[in-house]
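Results of the structural survey
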Amino acid sequence: MSLIDPSDSLERQNEKLLKIADSLMRRVEYGVAHSGAAYAQFERAALLEKRVRERTLELERTLDLLHDANAQLARANQETEAARRNLADAIETISEGFALFDPNDDLVMCNSRFCRDFRDTADDLKPGLAFDSYVDRVSRSAYLHLPDHQDRATWAKLRRQRHKDRRVMFNVQLTHDRWLQVSEHRTANGGTVVLQTDITDIMRVERQEQAKLRDKQARMIRATLDHLNQGVCIFDENAQLVGWNQKLGSLLSIPARRLRIGASFIGLLDDLDDTFHFTRGIDRASFRRWATSDGLRQPVSFEVQRGDSTVLHIFGRAMPDRGFVISCTDVTAEREAAQKLYELNEILEQRVMERTLELEDALSAAERANASKSRFVAAASHDLLQPLSAAKLFMASLSDKIETPNEQAVLAKAETALGAAEQIIDALLNISKLESDGLSFDIRPVALREIFDPLRDEMEMLAAQKGLVLRIVDSSHIVESDPSYLRRIVQNLLTNAIRYTETGRVVVGARRNGDSVRIEVWDTGPGIAEEDQNSIFEEFRRLDTKASNNDGLGLGLAIVERACARLGHPLGLWSEPGRGSCFMLNVPLARQAHLHMPVKSRNASAMTLLKSGLIVLLVENDPQLRRAMSILIESWGVSVIESEDAESALDLMEDLQITPDALLLDFQLGDGASGTELYEELTRRLGRLPCAIVSAERSAHLRQETKRLGIELLLKPLDRTKLIEFLHAAAREIAV
């Protein structure tokens, strides 16, 4: 336990130690004399004296340090006071008013220029003054000049709000046309420095410059108005004239003595005599109400006519100061031109209407002629196919009976000639259908293998006869198109390539092209010049090239171009004279991944029909074709029951009481029922029988109808092989 308190000052500790030493000495001298511990007490007193001496030395050293610290503090205070005096002298030398407020917004110091212009507040600016009190005293100063719409309390409130911003700068107007710019800056410890700068000279110079600028602008505006081709007048918020140009007086015929500063709008409007008529837009009373309105004026536009000839366009618009400006433009020439243009337009419209009626009549005649042409082509093709089919059947019936080579050669040439005629008729029919509006396509997934494989079988012989190498690359792609038209397109391109290629090869293939497949037909023919590449798709157009073998009528590519356009398959051509050509078309890929592949029928021979015992009902309204078909079918050992129309066929079945094994029915049977209607009636009477519709019509409706009924469709001219295949199928049904 310590005898002294360490927190006491050194003087106090020394005082306590002296008292302790004195007490110990008295106790030693006057203590209990008879105690045996007197010597021990003496020793303790000596020890304490030593310690007191040591503490006294320490105290003296501490006092020396204290004196040094006090001396340093005095010097620091002197330096601080000197710095304060220097700072006060420095801010006093500043030409602007300066004041420093601490973070608590209490005034720390300011120079004599601060608020010098507010002389009635200078005595209150002492350290410790709150910022709000400073603002309150300034707002009540008699030297503060406030705008008419603002009182002193409002000014003080706005001043305190600005003090909250980090950067503040604004102008204050004083009496006697003086100005101060007040700015505030924040110090690092959160205090505020306020500067007041006298900008009276700057404001006066600026106002002088603005006045000069306004005078200059006024002169420029006056010069501009006088050079305008329009009459212009400007009115103030009281509808009194403040500006105008010379053009206005000449347009409105207003005397110069009436155009003066302060002239009223109503008086000028009344000066317009009765020769001014408000013709388009608004009338005189409405214009008067617009000019004298106290509310917001919307732009106004109208026309007046002066006398019998002059037309003036008047336009009025409000200005921001509630005044308004009116412009007046002479539009007489424009209105006369518009009137003439209107009259001319009426004449042109009448002529256009007459020409339109003439064109409509011509178009109707052309449409009737086109429809008549289409009907003629269809009817003529049908009528041509009837005897052509009969001729082919007669020749087919002779082919099994002629044995001499010369006669066989003659028969082959006759069949070739009939085949060429059939191709021409078929091409004309295709052209006619592709140009008609009622054409419909059977768009469905088609495997390119179905198109390529039959063409390979058909064209290899034709290419071999010319010594050409024909290669059709297999393709597993499935596309969406009309299978019959797609086959015809590729067949025509392939036939065209073989026809015009003398040596080399012809290659057909397909490659993936994004979401479509590009079918390409390459050849090593003579090529096509660039200037001829568009004309080759025209009907009956054949290039005069030495490579051509001069067969065909030039309809193949015309059919290709029209079919691709109707199907939406882009058609392209690359060709270089002397190297060859490539025709290509893009066909979209099918969305279905799997496709039912049709099964090819087995090759049938007419010899196997001899013992079949088939009975066929043949209904054909053309006698020659009916007789030719009967002779050909009977030559194969098949019995034929002939009839010329549906009614006689039904009566014949009723009389004979025989059910035939197969039906061969022409589609068009004159005025009575058609072949499909006859089939439905026979089915009701005799039950379902194998049936084939024979027709030269190649319409989509007929294909859909036969597909619905589940029967065959044999197109004219009849193909001998397809007829044998149908009869074989009927014979197999009997055997089952």
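These figures come from a predicted structure and were not determined experimentally.

Moving on, we get to the overall build of the protein. Within the protein, the secondary structure is distributed over 18 helices and 23 strands. Out of the 736 residues in the protein, the part that is buried amounts to 37%. By sequence separation, contacts in the protein at least 24 residues apart represent 58% of the contacts at least 6 residues apart. When the accessible area of the protein is evaluated, it comes to approximately 43,700 Å², of which 52% is carbon and sulfur surface.

With that settled, the discussion passes to the side chain of Arg456. You can see Arg456 is positioned in helix H11 (residues 448-465). A distance of 3.0 Å separates the side chain of Arg456 from the side chain of Asp453, its partner in a polar contact. Among the polar contacts listed, one links the side chain of Arg456 to the backbone oxygen of Ile472, at a separation of 2.7 Å. Contact partners of Arg456, with chain neighbours within four places excluded, come to Ile472, Val473 and Asp474.

For the rest of this paragraph, the subject is the packing of aromatic side chains. Taken as a whole, this structure holds 13 aromatic pairs when the rule is applied. For the ring pair Phe278 and Phe302, a centre distance of 5.3 Å and an interplane angle of 25° mean the geometry is stacked. Highlighted residues: Phe278 in strand S8 (residues 276-280) and Phe302 in strand S9 (residues 300-306), separated in sequence by 24 residues. Chaining the aromatic ring pairs together yields one cluster made of Phe235, Phe265, Phe278, Phe287, Trp290, Phe302 and Phe324. Above the plane of the ring of Trp290 lies Arg297, whose end atom (NZ or CZ) is 6.0 Å from the centre.

Another point: the state of the cysteines. Summed over the entire model, instances satisfying the criterion amount to 0 disulfides. With no disulfide of its own, Cys328 lies closest to Cys233 among cysteine sulfurs, the gap being 8.4 Å. Owing to a relative accessible area of 1%, Cys328 belongs among the buried residues under this scheme.

Moving on: the packing of helix H3 (residues 131-139) against helix H4 (residues 152-163). Two elements in contact, H3 and H4, have axes separated by 9 Å at closest approach and are oriented at 145°. The chirality of how H3 crosses H4 is right-handed. Seen from H3, the contacting residues are Phe131, Asp132, Val135, Asp136, Val138 and Ser139; seen from H4, they are Arg152, Trp155, Ala156, Arg159, Arg160 and His163. For the contact of H3 with H4, a count of residues per class yields 5 nonpolar, 2 polar and 5 charged.

The subject of this paragraph is a negative patch on the surface. Judged by side-chain charge, Glu647, Asp651, Glu654 and Asp655 come together as a negatively charged surface patch. Counting through the fold element by element, Glu647 comes out in helix H15 (residues 646-656).

Right, let's get into the environment of Val138. By the element assignment, Val138 lies in helix H3. For the pair Val138 and Cys115, spaced 23 residues apart in sequence, the C-alpha separation works out to 8.3 Å. Setting aside chain neighbours within four positions, we find Val138 in contact with Cys115, Phe118, Thr121, Leu144 and Trp155.

Let us now look at the confidence of the model for the protein. For the protein, per-residue confidence averages 79 on the pLDDT scale, and residues scoring 70 or more make up 80% of the total. Long-range and interchain partners of residues 544-553, a stretch whose pLDDT sits below 50, account for 18 contacts in this model, where long-range means more than four residues apart. For the stretch residues 593-604, pLDDT sits under 50, and the model shows 18 contacts to residues farther than four places along the chain or on other chains.

Across the sheet, which stays open at both edges, the 6 strands sit in the order S7-S6-S11-S10-S9-S8 with antiparallel pairing between neighbours. The open sheet terminates on both sides in strands that have one partner only, identified here as strand S7 (241-244) and S8. Averaged over all neighbouring strand pairs, the angle between strand axes comes to 25°, with direction disregarded. Note: strand S6 (residues 231-235) against S7, 3 bridges, orientation antiparallel. Bridge pairing in S7 links Ile234 to Gly243.

As a further point, take the pairing of strand S19 (residues 615-619). The element S19 is extensively covered by neighbouring structure, given that 4 of its 5 residues are classed as buried. One ladder, built from 5 bridges, connects S19 with strand S20 (residues 639-643); its direction is parallel. Bridge assignment links Val619 to a residue of S20, and that residue is Ser643. With helix H14 (residues 623-634) bridging S19 and the parallel S20, this β-α-β connection has right-handed handedness. Note that S19 and strand S21 (residues 662-666) share 4 bridges and pair parallel. Within S21, the residue paired with Leu618 across the bridge is Leu664.

What follows concerns the pattern of salt bridges. Per the counting criterion, the structure on display carries 24 salt bridges. Arg626 is paired through a salt bridge with Glu642; the nearest N and O atoms lie 3.5 Å apart. With Arg626 in helix H14 and Glu642 in strand S20, the pair connects residues that are 16 residues apart, well separated along the chain. Given the relative accessible area of 13%, Arg626 is considered buried. The shortest N-O distance in the salt bridge between Glu705 and Arg708 comes to 2.5 Å. With Glu705 and Arg708 both in helix H17 (residues 700-709) and 3 residues apart, the pair spans about one turn of that helix.

This next bit is on the sheet that holds strand S2 (residues 107-110). As summarised here, the arrangement of the 5 strands in space is S2-S1-S5-S4-S3, forming an open sheet in which the pairing is antiparallel. The sheet is open, and its two borders are formed by S2 and strand S3 (168-174), each paired with just one other strand. Strand-to-strand twist across the sheet, computed as the mean angle between neighbouring axes with direction ignored, equals 20°. Here strand S4 (residues 178-186) runs beside strand S5 (residues 192-198); their pairing, made up of 7 bridges, is antiparallel. Of the residues in S5, the one forming a bridge with Leu180 is Asp198. Each of strand S1 (97-101), S4 and S5 is contacted by H3, which is oriented at about 20° to S5, the strand it contacts most. Its contacts with the sheet put H4 on S3, S4 and S5, and the angle it makes with S3 is roughly 155°.

Two elements in contact, helix H16 (residues 675-686) and H17, have axes whose closest approach is 11 Å; the angle formed by their N-to-C orientations is 10°. When the axes of H16 and H17 are compared, the pair comes out roughly parallel. In this structure, H16 contributes Thr676, Tyr679 and Glu680 to the contact, and H17 contributes Glu705, Arg708 and Leu709. Its residues placed into classes, the contact of H16 with H17 shows 2 nonpolar, 1 polar and 3 charged.

Our next topic: the pairing of S2. Here S1 runs beside S2; their pairing, made up of 3 bridges, is antiparallel. What sits directly across from Ala99, in S2, is Cys110. Joining the antiparallel neighbours S1 and S2 is a turn of 5 residues, in which Asp105 adopts a positive phi near 60°.

To continue, consider H14. The end-to-end C-alpha distance of H14, which contains 12 residues, comes to 16 Å, matching closely the 16 Å that a straight helix rising 1.5 Å per residue would cover. By the burial criterion, the buried members of H14 are Leu625, Arg626, Ala628, Met629, Ser630, Leu632 and Ile633.

Moving on to the side chain of Arg159. Positionally, Arg159 belongs in helix H4. Residue Arg159 is classed as buried on the basis of its relative accessible area of 4%. Once residues within four sequence positions are removed from consideration, Arg159 is found in contact with Phe131, Val135, Phe170, Val182 and Glu184.

The rules behind these values
Residues numbered from 1 in each chain as written. Predicted model: local features only at pLDDT ≥ 70, side-chain atom pairs only at ≥ 80, totals over all residues. Heavy atoms only, no water. Helix = DSSP H or I, 4+ residues; strand = E, 2+ residues; numbered from the N terminus. Buried < 20%, exposed > 50% of the residue type's maximum accessible area, 1.4 Å probe, protein only. Contact = heavy atoms within 4.5 Å. Areas by Shrake-Rupley, 256 points an atom, 1.4 Å probe, with all protein chains shown as cover. Polar contact = N/O pair within 3.5 Å; in protein donor to acceptor, adjacent residues only side chain to side chain. Phe/Tyr/Trp six-rings, centres within 6.5 Å; stacked < 30°, edge-to-face > 60°. Lys NZ or Arg CZ within 6 Å of the ring centre and 35° of its normal. Disulfide = S-S within 2.5 Å. Axes fitted to C-alpha atoms, helices over the stretch in contact; angles between N-to-C directions. Left-handed = near helix turned anticlockwise from the far one by under 90°. Nonpolar A, V, L, I, M, F, W, Y, C, P; charged D, E, K, R; others polar. Patch = residues over 30% accessible without salt bridge, like charges linked within 9 Å, V, L, I, M, F, W, Y side chains within 5 Å. Salt bridge = Lys/Arg side-chain N within 4 Å of Asp/Glu carboxyl O. Lys, Arg positive; Asp, Glu negative; His and termini not counted. Charge placed at Lys NZ, Arg CZ, Asp CG, Glu CD. pLDDT = per-residue confidence, 0-100. Pairing = 2+ DSSP bridges. Right-handed = clockwise from strand over helix to strand, strands pointing away. Parallel < 35°, antiparallel > 145°, perpendicular 65-115°, else oblique. Expected span 1.5 Å × (residues − 1).

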